[in-house]
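Listed here are the chains, written in short residue letters.
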Amino acid sequence: MPVDITPAEWKIMRLLWSLGPSSTTEIITELQQQSDWTASTIKTLLRRLCAKDLLTTTKDGRQFMYHPQVSEQLAMNDTAEALFSQLCEMHKGQVLLDLVNKTEISRADIEALQAKLAAKLPTAPEEVDCNCLPTRQSSCHEHEKE
């Protein structure tokens with residue numbers, strides 16, 4: 001299932017992934033400490049996330065409890081895959097290099113990346129074919145100037 005989450009919705013999802021199931025009041029209190037959102041804005045975002053089947057609700061007394069229906073890792077992976085599916089195949093490697101350069105990564109993650117890259121190296125092509133529009137294929141290197 002592709003995950004389509006707006007930046008504002010990410011804030012709510014990240015909060016719920018951190019806290020676990022939470023009441024409307026808890027969510028509003030936490031988010032208003034971090035932003036200038038009104039209660040009605042937060043409730044609208046919660047309704048949208050429910051409509052997208054990313055959250056479900058249960059009733060706990062007079063409060064609604066919100067429960068994430070997708071894991072944080074799955075949401076991040078789906079979002080990254082959706083973005084990368086729109087990029088030029090030839091330049092995805094450079095984007096990954098830039099991300100690694102700008103991102104704090106644990107030693108365990110670095111070791112896992114090194115192992116995965118070492119395993120891919122023997123069958124990796126010299127150059128990845130361009131998947132841009134046919135009119136640009138012959139001059140894909142022009143992307144580097146943009």
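Check the entry above for the structure.
Residues numbered from 1 in each chain as written. Predicted model: local features only at pLDDT ≥ 70, side-chain atom pairs only at ≥ 80, totals over all residues. Heavy atoms only, no water.

Time to look at the pattern of salt bridges. Within the structure shown, the criterion is met by two salt bridges. We note a salt bridge from E9 to K52, for which the minimum N-O separation is 2.7 Å. Placement of E9 in helix α1 (residues 7-19) and of K52 in the loop between α3 (39-51) and β2 (55-60) is noted, with a sequence separation of 43 residues between them. What makes E9 buried here is its relative accessible area of 1%. For K52, a relative accessible area of 30% translates into the label partly exposed. Across the pair E89 and K92 runs a salt bridge whose closest N-O atoms are separated by 2.8 Å. (Salt bridge = Lys/Arg side-chain N within 4 Å of Asp/Glu carboxyl O. Helix = DSSP H or I, 4+ residues; strand = E, 2+ residues; numbered from the N terminus. Buried < 20%, exposed > 50% of the residue type's maximum accessible area, 1.4 Å probe, protein only.)

In this description, a pair of aromatic rings is defined by centroid distance and the angle of the planes. Counted under the stated rule, the structure contains one aromatic pair. The ring of F64 has K59 sitting right over it, with the charged end atom 4.7 Å from the ring centre. (Phe/Tyr/Trp six-rings, centres within 6.5 Å; stacked < 30°, edge-to-face > 60°. Lys NZ or Arg CZ within 6 Å of the ring centre and 35° of its normal.)

Take the packing of α1 against helix α4 (residues 72-84) next. Closest axis-to-axis distance for the α1/α4 pair is 10 Å, and the angle between their directions is 150°. Classified by the angle between their axes, α1 and α4 sit roughly antiparallel to one another. In this structure, α1 uses W10, R14 and W17 to contact α4, whose residues at the interface are E72, A75, M76 and T79. The class makeup of the residues in the contact of α1 with α4 is four nonpolar, one polar and two charged. (Axes fitted to C-alpha atoms, helices over the stretch in contact; angles between N-to-C directions. Parallel < 35°, antiparallel > 145°, perpendicular 65-115°, else oblique. Contact = heavy atoms within 4.5 Å. Nonpolar A, V, L, I, M, F, W, Y, C, P; charged D, E, K, R; others polar.)

Moving on, we come to the pairing of β2. Pairing geometry for β2 and strand β3 (residues 63-68), over six bridges, is antiparallel. The residue of β3 that forms the bridge with L55 is P68. Counting the residues that bridge the hairpin from β2 to β3 gives two residues, and of these G61 lies at a positive phi of roughly 70°. (Pairing = 2+ DSSP bridges.)

This paragraph deals with the sheet that holds β2. Taking strand neighbours across the sheet as the criterion, the three strands line up as β1-β3-β2 in an open arrangement whose pairing is antiparallel. The two strands at the open ends of the sheet, each matched to only one other strand, are β1 (22-23) and β2. Pairing of β1 with β3, which is carried by two bridges, proceeds in the antiparallel orientation. Of the residues in β3, the one forming a bridge with S23 is M65. Running at roughly 90° to β3, α1 makes contact with β1, β2 and β3 of the sheet.

Looking only at helix α2 (residues 24-34), the buried set comprises T24, I27, I28 and L31. The buried residues of α2 occupy an angular sector of 95° when the element is viewed end-on, so they sit on one face. Each element contacted by the buried residues of α2 is listed here: α1, β1, α3 and β3. (Arc of directions from axis to C-beta.)

Another point: the state of the cysteines. Joining two cysteines, a disulfide is a covalent bond between their sulfur atoms. In this structure the tally under the stated criterion is zero disulfides. The thiol of C132 is unpaired, and the distance to the nearest cysteine sulfur, on C130, comes to 3.3 Å. (Disulfide = S-S within 2.5 Å.)

Further remarks concern a nonpolar patch on the surface. A cluster of nonpolar residues, V95, L96 and L99, forms a patch on the protein surface that exposes about 230 Å² of accessible area. As for its placement among the helices and strands, L99 is situated in helix α5 (residues 92-102). (Patch = residues over 30% accessible without salt bridge, like charges linked within 9 Å, V, L, I, M, F, W, Y side chains within 5 Å. Areas by Shrake-Rupley, 256 points an atom, 1.4 Å probe, with all protein chains shown as cover.)

The next point concerns α3. Taking 1.5 Å per residue, 13 residues should reach 18 Å; α3 reaches 18 Å between its end C-alpha atoms and fits that length. Along α3, the residues classified as buried are I42, L45, L46 and L49. Seen along its axis, α3 keeps its buried residues to an arc of 100°; they face one direction. Along α3, the residues that are exposed and aim more than 90 degrees away from the buried face are R47 and A51. In this structure, the buried residues of α3 make contact with α1, α2, β2 and β3. At the C-terminal side of α3, D53 shows a positive phi close to 60°. (Expected span 1.5 Å × (residues − 1).)

Honestly, it's all geometry; don't read function into it.
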